Amino acid sequence: MTNYLEFERPLAEIEDKAEELRAMGRDNEDMDIEAEAKALDKKARALLDELYAKLTPWRKCQVARHPDRPHCKDYIQELFQEYTPLAGDRNFADDHSIMGGLARLGDRPVVVIGHEKGHDTKSRIARNFGMARPEGYRKAIRLMDLANRFGLPVISLVDTPGAFPGKGAEERGQSEAIARSTEKCLQLTVPLISVIIGEGGSGGAVAFATANRLVMLEHSIYSVISPEGCASILWKDAEKMREAAEALRLTAQDLTTLGICDQIIAEPKGGAHRDPKSTMQAVGQTLAKLLDELGKKKPDSLMKDRRQKFLDMGTKGLAS
């Protein structure tokens, strides 16, 4: 069953009508409805192309948050072999919103880390909707230390609305843990590649995305704050999220112009949720190419280039 977004309602009506016709045809073999159903399919494809030709920033936010988009766990199952999860921060607990461990991408050993949101109510609660607590960032630091020690590239899959803002998280040093994770990214002497696969929200995303290469899916978003949060602060009205989304410049296309995103990975027409497998394969191909490129650099060069990338941010404008 397809989950349609608010702006996709006209498309839902056409596709539902086509399915109703086919269901009637299956129940009554004397009815010839295939020609009409195909005409509706053609109309639906045309409307899908039209809807996704020029998505507004707010609509991109909706697509980036679509519940059926492939999540970190899906990417690990599809792209990585011999995945061995590692748990805990060796200090407080294991944060289930953060997945991570040793794996192989093709014939290359890597460390993979990512936010996992979950797919249904039970798993979303267990994963805390992809919002990490301090122990999640400390687990990531432990994994990055491991990667550095054994010379393994690090791949991070970012998909979070932001770090968990709860009282317990603050008591256990949330901001310090995020800062330490960001610092650890800058200190790595191995390649670090980050892919924004859905939402890249605030410091919770930056803690994993201070990378040599930041790659974004076509309809993913990356921002210092959510549009709703921004609207609540600036206008005291969360309903102004559309205006906030425009002002935040959070799309992959704007961030490429600003020099923050290094590469955009095209999504299937209608978003990654309409063809998860081809989306994940495209991400895998991009990761392989980037690992080949970065694998030729020396450790000092990797560190220097990564630091320079972030020092240069702010020097490019949307008019450049």
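A quick note: this is a predicted structure, and the numbers were derived from the prediction, not measured. (Residues numbered from 1 in each chain as written. Predicted model: local features only at pLDDT ≥ 70, side-chain atom pairs only at ≥ 80, totals over all residues. Heavy atoms only, no water.)

(A) Highlighting the confidence of the model for the protein. In the predicted model, the protein carries a mean pLDDT of 92, and the fraction of residues at 70 or more is 98%. Within the protein, helix α1 (residues 9–27) has the poorest average pLDDT of any element, 83, and strand β6 (residues 213–217) the best, 97. (pLDDT = per-residue confidence, 0-100. Helix = DSSP H or I, 4+ residues; strand = E, 2+ residues; numbered from the N terminus.)

(B) Structural context of unusual backbone geometry. Positive phi is not limited to glycine here, since arginine 90 has a value of about 60°. Topologically, arginine 90 is positioned in the loop between β1 (81–85) and β2 (98–105). Its identity is not glycine, yet asparagine 128 carries a phi of approximately 55°, on the positive side. Tracing the backbone shows asparagine 128 in the loop between α5 (121–126) and α6 (134–150).

(C) Highlighting the nonpolar core. The biggest cluster of nonpolar side chains holds 31 residues, and the ones touching the most others in it are Ile113, Tyr137, Met144, Val154, Phe208, Met216 and Tyr222. Among the secondary structure elements, those contributing two or more residues to this core are β3 (108–115), α6, β4 (154–160), α8 (174–187), β5 (192–201), α9 (202–209), β6 and α12 (252–257). Top element by residues in this core is α6. It accounts for 5 residues. Not counting residues within four places of it along the chain, the set of residues in contact with tyrosine 137 comprises Ala132, Ala163, Gln174, Ala177, Ile178, Ser181, Gly204, Ala207 and Phe208. (Core = buried A, V, L, I, M, F, W, Y, C linked by side-chain atoms within 4.5 Å. Buried < 20%, exposed > 50% of the residue type's maximum accessible area, 1.4 Å probe, protein only. Contact = heavy atoms within 4.5 Å.)

(D) Broad picture of the packing of aromatic side chains. Throughout the structure, instances matching the rule amount to 2 aromatic pairs. Their ring planes at 55° and their centres at 5.9 Å tell us that phenylalanine 7 and tyrosine 52 sit as a pair that is tilted. Taken as a pair, phenylalanine 7 in the segment before α1 and tyrosine 52 in helix α2 (residues 34–53) lie far apart in primary sequence, 45 residues in all. Sitting over the ring of phenylalanine 164, arginine 133 keeps its end group 4.8 Å from the ring centre. If you follow lysine 309 out to its NZ or CZ, it ends over the ring of phenylalanine 310, 5.9 Å from the centre. (Phe/Tyr/Trp six-rings, centres within 6.5 Å; stacked < 30°, edge-to-face > 60°. Lys NZ or Arg CZ within 6 Å of the ring centre and 35° of its normal.)

(E) A look at the packing of α8 against α9. The geometry of α8 relative to α9 is characterised by a closest axis approach of 7 Å and an angle of 30° between their N-to-C directions. In this view, α8 runs roughly parallel relative to α9, as classed from their interaxial angle. Crossing of α8 against α9: the hand is left-handed. Of the residues in α9, those touching α8 at Ile178, Ser181, Thr182 and Cys185 are Gly203, Gly204, Val206, Ala207 and Phe208. (Axes fitted to C-alpha atoms, helices over the stretch in contact; angles between N-to-C directions. Parallel < 35°, antiparallel > 145°, perpendicular 65-115°, else oblique. Left-handed = near helix turned anticlockwise from the far one by under 90°.)

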